[in-house]
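Structure assessment
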Amino acid sequence: MRQIFSYKSQKISYVSEWIQGTLWLHVGGKTFTFESSQVAKKSRKGHIGLAHNKIIAPMPGKITKVLVVEGQVVEKGQAVVVMEAMKMEYTLKTELAGPVEKVKIIVGSQVSLGDILVQINQEPK
Amino acid sequence: MKKIKRLAISNRGEVAVRIIHACHELGIETVLLHSDVDKNSRAFRMVDKAICIGPASTIDSYLNIEANIQGALAAGADAIHPGFGFLSENYKFVEAVEKAGMIFIGPSAKAMKAVGDKVNCKAHAERLGLPLIPGYQGHNQSVDFLLEEAERMTFPILVKAAAGGGGRGMKLLTSRSDAKELIESAQREAQAAFGNPTVFLEKYLDRAKHIEFQVFGDSTGNVKHFFERECSVQRRHQKIVEEALSPSLTDELRRKMGEAACLLTQSVGYQGAATVEFLLQDNQFYLLEVNTRLQVEHPVTEMVLGVDLVKAQILTASGNFVFSPHQVFYPHGHSIECRVYAEDPFQGGIPSTGLLGKIEWPEGPGRRFEYGFEAGDVITSYYDPMIAKIIVWDETRLRAIEKMSRVLKDSIIFGVKTNIPYLLEIINHPEFVKGTMTTRFIEKFFAEPLKELKTNEAEQALLNELSKIKSKPTSVVFSELGMIESPFVGAWRTE
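What you see is a predicted model, and the numbers here were worked out from it, not measured in a lab.

1. As for the sheet that holds strand β13 (residues 272-281) of chain B
As a general point, the strands of a sheet are linked pairwise by backbone hydrogen bonds and lie either parallel or antiparallel. Residue and element names in this part refer to chain B. Strands sit in the order β14-β13-β10-β11-β12-β15-β22-β20 across an open sheet of 8 strands; the sheet is antiparallel. Each end of this open sheet is capped by a strand with a single partner; those strands are β14 (284-291) and β20 (367-371). Along the sheet, successive strands turn relative to each other by an average axial angle of 25°, direction set aside. Along the sheet, helix α12 (residues 397-410) contacts β12 (238-244), β15 (334-341), β20 and β22 (386-394); its crossing angle with β22, the most-contacted strand, is approximately 140°.

Structure representation (structure tokens):
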């Protein structure tokens, strides 16, 4: 339901709802989210995609190709894992060069958002 | 003439709802053939009967011919509508439906093979003297051979799924270095999406417009065209914004392309709805492909012509739809469609899944909302990210853009991120407003993820105020307990 917020004599119409620990707010033709719980923080920007030495699932989906094996040395920008979600393929690349320490998935694995897929050791300088 | 009493829908989401609406109006009972996870959907709640035909994975449910046939027979259906995607362009499915004694809502298997299969279609079009894009459409699928062919035609080259549409399994090769990886990826995507890994190569036209003609063959095989749509706004060859008519066709081009589209489909005795796709560059048009089904963007044609393509499809298949000899179609006004995808535009469009907490459409004159999910439904990663379509009609193109702008701003979807902010940027971009966009519009102007939206002072104050109020736990728990059921709990149970 549409609600009214008064701010310095402005009348602001908005719709909002808490859904699973996230506040959703629609105001001024835009939708904002605000996350409060620990669950929601897992999906926050910075925690997904490429975090430090880990390749992390940026979305839920299925692994269609694993392009590295443990012990293999990868270069910066090299494709490491291919995954499929919503019928599209996404290639996950590494931003870090070095030996692959751990491969935690196989072809066909169903993964959730934020799952660690591959761990890479930083090359000694 | 056959009377259809009960029609089964081999599809999901908003198109299933679209077909249900048509059936309701025609007095036909409906059956939904669905996967187990799609019990959480608007179509499931609207149909007279629902039959679970398999698990979420498309290969075991929506792409499984036998499961669809058995499900339809078990429900006592006398016809099947395939919607778009999935089995809609699979002639083996048409044959299986007919063998089981049911009516397939679409063309005959013969017509589908003749123009729906890209190899056959190009060969046939060539004989009719229609202009084609240079390419390789043969059966040799070895990656090394395809690489050589690509080099011979010179890059850039497009790789496309032979059996597909909707951009799946389609990749752009710009140089030899990454070509091998991309061809293999295209073959895998084609296998996953259509059950057939065959791919084609095609010379890439780099400043073309995507123009397609809606054609329709009545029960006697008389084909007319319902004018064109322009769908140049595409990302990874997936359409995002479509409109009717095109802002850039001259009357002469419109006449020539419309004639070509009718000639091609009429020559194979086509009955029902088809779309003949062209690329237009420097006033030259080239045949791209024919889609032998209802198209996602069919509503914009319906809006400017005042027709109902789904009802016409059903009536044609039952032998009850014949154009009157004096029937002339005049387009009126302008219509635009935006596809709403469940994805995060601020993070490069990665899919967004989860529980839909709220969905509210700003209804009004000339506004049409096609959607398959409601609050409480879960958007999963198993299927296409398109969760809804917004269609507007207004007297002129500029007014339609203004209306779409307002409608996008006032549409509320909570629970999953959507591309609505991205759609707003697109339709307000000067090149779109001018109507001069090409199929490279998105890569040219929207290569980077959108910048995060900023709150103004008042909005920030409101956000601060609301975030102080603790989340109510009751609104959180219900879905995960109640919605996801173990596979096959509902299998073969009609509800």
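2. Observations regarding the domain arrangement of chain B
All names here are of chain B. Taken as a whole, chain B is organised into domain 1 (6-105), domain 2 (134-203), domain 3 (209-445) and domain 4 (457-494). Distance from the C-alpha centre of domain 1 to the C-alpha centre of domain 3: 23 Å. Summing the contributions of domain 1 and of domain 3, the shared interface buries around 2,500 Å²; its carbon and sulfur component is 60%. Of all residues in domain 1, Glu 14, Arg 18 and Arg 42 give up the largest surface area on contact with domain 3, accounting jointly for 28% of the area buried on that side. At the boundary of domain 1 with domain 3, the tally comes to 8 salt bridges. Arg 45 is paired through a salt bridge with Asp 377; the nearest N and O atoms lie 2.7 Å apart.

3. What to know about helix α7 (residues 143-153) of chain B
Residues and elements named next belong to chain B. All of the buried residues along α7 are Val 143, Leu 146, Leu 147, Glu 149, Ala 150 and Met 153. Seen along its axis, α7 keeps its buried residues to an arc of 165°; they face one direction. With respect to the buried face of α7, the exposed residues turned more than 90 degrees away are Glu 148 and Arg 152. The inward-facing, buried residues of α7 abut β6 (135-136), β7 (157-161), β8 (171-173), α8 (176-194) and β9 (199-203). Downstream of α7 by a residue or two, Thr 154 has a phi angle that is positive, lying close to 65°.

Definitions and cut-offs
- Residues numbered from 1 in each chain as written.
- Chains lettered and ligands numbered in written order.
- Predicted model: local features only at pLDDT ≥ 70, side-chain atom pairs only at ≥ 80, totals over all residues.
- Heavy atoms only, no water.
- Pairing = 2+ DSSP bridges.
- Helix = DSSP H or I, 4+ residues; strand = E, 2+ residues; numbered from the N terminus.
- Axes fitted to C-alpha atoms, helices over the stretch in contact; angles between N-to-C directions.
- Contact = heavy atoms within 4.5 Å.
- Domains from an automatic or database assignment.
- Buried area = accessible area lost by both parts, 1.4 Å probe.
- Salt bridge = Lys/Arg side-chain N within 4 Å of Asp/Glu carboxyl O.
- Buried < 20%, exposed > 50% of the residue type's maximum accessible area, 1.4 Å probe, protein only.
- Arc of directions from axis to C-beta.

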